[in-house]
Amino acid sequence: MLTSIASTLSLSLLKACSVVLLILLARGLMWLINTVVVAPIFDPLKKIQGPDGSPLQNHFREVMDPSVSPHTHEKWVKSFGKTFRFHGFGRHDFRLLSVDFCVMTHILNSPIYEKPWQTRALLTTFLGAHKALRKLIAPAFSTQSIKAMTPIFFQKAEELRDKWERCKFPPLPAPPYSPSPSFAEAVIDVAHWFSLATFDVIGLAGFDYHFHALQCESEEIYLAYRNMFRIADKGPKLRELIQLYFPVLRKIFPNEAARITDKSQRVISEAGQRLIQSKKCAILAEKTSAHEIKEKDILSLLIKSNLSADISGRLSDADLLSQLSTFLFAGSDSTSLTMSWCIHLLSLHPDVQARLRSELNSMSPCASNSSSMSGYSAPAHAETIDMLPFLDAVVRETLRLCPPVHGTMRVATRDDNIPISSPIVLRNGTIIQPGETIHLRKGSYVHIPIEALNFSTDIWGEDARMFNPDRWSSLPHTARAPSHPGIANLMTFSFGPHACPGWKFSMLQTKIFLATLIPHFVFEPAADIQKFNAILTRPYVYDQFEFGTRLPVKIGRVNL
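Asks: How would you summarise the overall build of the chain if you had to cite specific residues and measurements?
Replies: Counting its secondary structure elements, the chain contains 20 helices and 14 strands. A total of 560 residues make up the chain; the buried ones form 49% of that total. Contacts in the chain between residues at least 24 apart in sequence constitute 74% of all its contacts with a sequence separation of at least 6.

Structure, rendered in structure tokens:
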């Protein structure tokens, strides 16, 4: 009797499972047919011109690989105009790409467009969940707050200078600095050194925490971040892409990368929780005793702003914790890359390097250890450095040619009509005139090619791909507001409500490091340097990609 009942139940359960499986398969098949066959027929992007391909061909490499993307962007703009479509995951996946500032302004300012959930999920793996904090963050990146951080910038820049001085580089003869044969053997990886220095800076300026990465690279939190971001540098493989859609696989079958990332996040989380609690207790104690809060680091200002906000709008400690990783990643890695690319470009252009050194040396007491002088003011010194015209031009030109972020994406959360300022010729020959709109349906992806806009000959002239700091003394009208909406006349920091809030922090820090180092050292190229994309655009040595991010340069001391 019991055996018969058990057999009947097992058979019923098997039938139920089979029905559920069949329903799932049917729904999956319907989704596949709709995605690949039906939906593309009605996609308005199908009418727009763009590169063609086979059914499963994508154009991701052409759009995102910095070794080919400049040529691709230029070729496609000449062939199809400033706004066109390309293939994502196959011929059915139409995506919009535009270098029309009218289109970009609409996309980046409209609340209709968000970062794709895949991008958010990938970043969450390394940085934790991220909430919009612009209103809370704003005080931390005000001009006054950044001025208060300048002693930290100088401290770490001088510490790096002293480290390089102790490396016993051979001195160079008088100008024009023709290196001796022994000079060729003095090679350093500036990407590594700047990574250490900017990590120390964001530790102190961001959290009042001493990583001491420049002195010793064994600090626990520093190692956790570096191990985690070495994995990020490799970019998402097929396994990681599958895990975005089936995150349970990461927990059931973790690979070495997942284990290292999880271990690193535990270290960061434990240390971050201690730091947040310590800061919060100190701020509440000062608030209770009616003392003015003296801390100027970003985390203290963020906690203070958070405590001052309406209770319903306050962030949890978990949300604050996720900002630690965001600050460290965006505040250290992007700035260190800017410094590294700047030294690389200066090494390739010795005339520009010598001219910059001359400007810096003419600003007393920039070439000396100014912090030891009586009456010295770091904010005043920083302001003088910030006003140097050629230094400003060199930094902006570096950010134009080597933006840390190669491009970004948005997805439409509902149907929209996008205005254009440059005509679009549809596949049937119809012309959409400036002032008219193109239709975009909900769920469509829009690629924002920061590099393409920074390299555009229509904006910057025929020498757009050349390193020419002098262009900043007389920008063409196409590169100035209102024609160019980007922050600091660049797309590098984006613009609109999602623009980089720390752009002034990054630029001033870069200028102070250059002003501290260039008068003391001369740089020459040491290898063929190429770019690769891994969240940020990083340098590597040609034919040595397996060694990861590296930017070696020859270095020598300047006889002062």
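Asks: Help me get a handle on the sheet that holds strand β1 (residues 83-88), residues and values and all.
Replies: Pairing within the open sheet is mixed, and its five strands lie in the order β1-β2-β10-β5-β3. Here the strands that pair on one side only, and so sit at the sheet edges, are β1 and β3 (113-114). When β1 meets strand β2 (residues 90-98), the two strands line up antiparallel, connected through six bridges. Note on β2: the bridge partner recorded for His87 is Phe94. Relative to β1, helix α3 (residues 69-80) is tilted by about 125°, and along the sheet it contacts β1 and β2. Contacting β1, β2, β3, β5 (408-412) and β10 (445-448), helix α4 (residues 101-109) runs over the sheet at an angle of about 115° to β10.

Asks: An account of the packing of helix α7 (residues 143-165) against helix α20 (residues 503-517) is requested, with residue identities and associated values reported.
Replies: With their axes 9 Å apart at the nearest point, α7 and α20 run at an angle of 35° to one another. Crossing hand, α7 versus α20: right-handed. Seen from α7, the contacting residues are Thr143, Ile146, Met149, Thr150, Phe153, Phe154, Lys156, Ala157, Glu158, Leu160, Arg161 and Trp164; seen from α20, they are Lys504, Phe505, Leu508, Gln509, Ile512, Phe513, Thr516 and Leu517.

Asks: Give a description of the packing of helix α16 (residues 378-386) against α20 that names residues and reports values.
Replies: At a closest axis distance of 10 Å, the pairing of α16 and α20 adopts a crossing angle of 90°. When the axis of α16 is compared with that of α20, the two are roughly perpendicular. Contact residues: α16 offers Ala382, Ile385 and Asp386, while α20 offers Leu508, Lys511, Ile512 and Ala515. Looking at the contact of α16 with α20 residue by residue, the class counts come to five nonpolar, no polar and two charged.

Scoring rules and cut-offs
Residues numbered from 1 in each chain as written. Predicted model: local features only at pLDDT ≥ 70, side-chain atom pairs only at ≥ 80, totals over all residues. Heavy atoms only, no water. Helix = DSSP H or I, 4+ residues; strand = E, 2+ residues; numbered from the N terminus. Buried < 20%, exposed > 50% of the residue type's maximum accessible area, 1.4 Å probe, protein only. Contact = heavy atoms within 4.5 Å. Pairing = 2+ DSSP bridges. Axes fitted to C-alpha atoms, helices over the stretch in contact; angles between N-to-C directions. Left-handed = near helix turned anticlockwise from the far one by under 90°. Parallel < 35°, antiparallel > 145°, perpendicular 65-115°, else oblique. Nonpolar A, V, L, I, M, F, W, Y, C, P; charged D, E, K, R; others polar.

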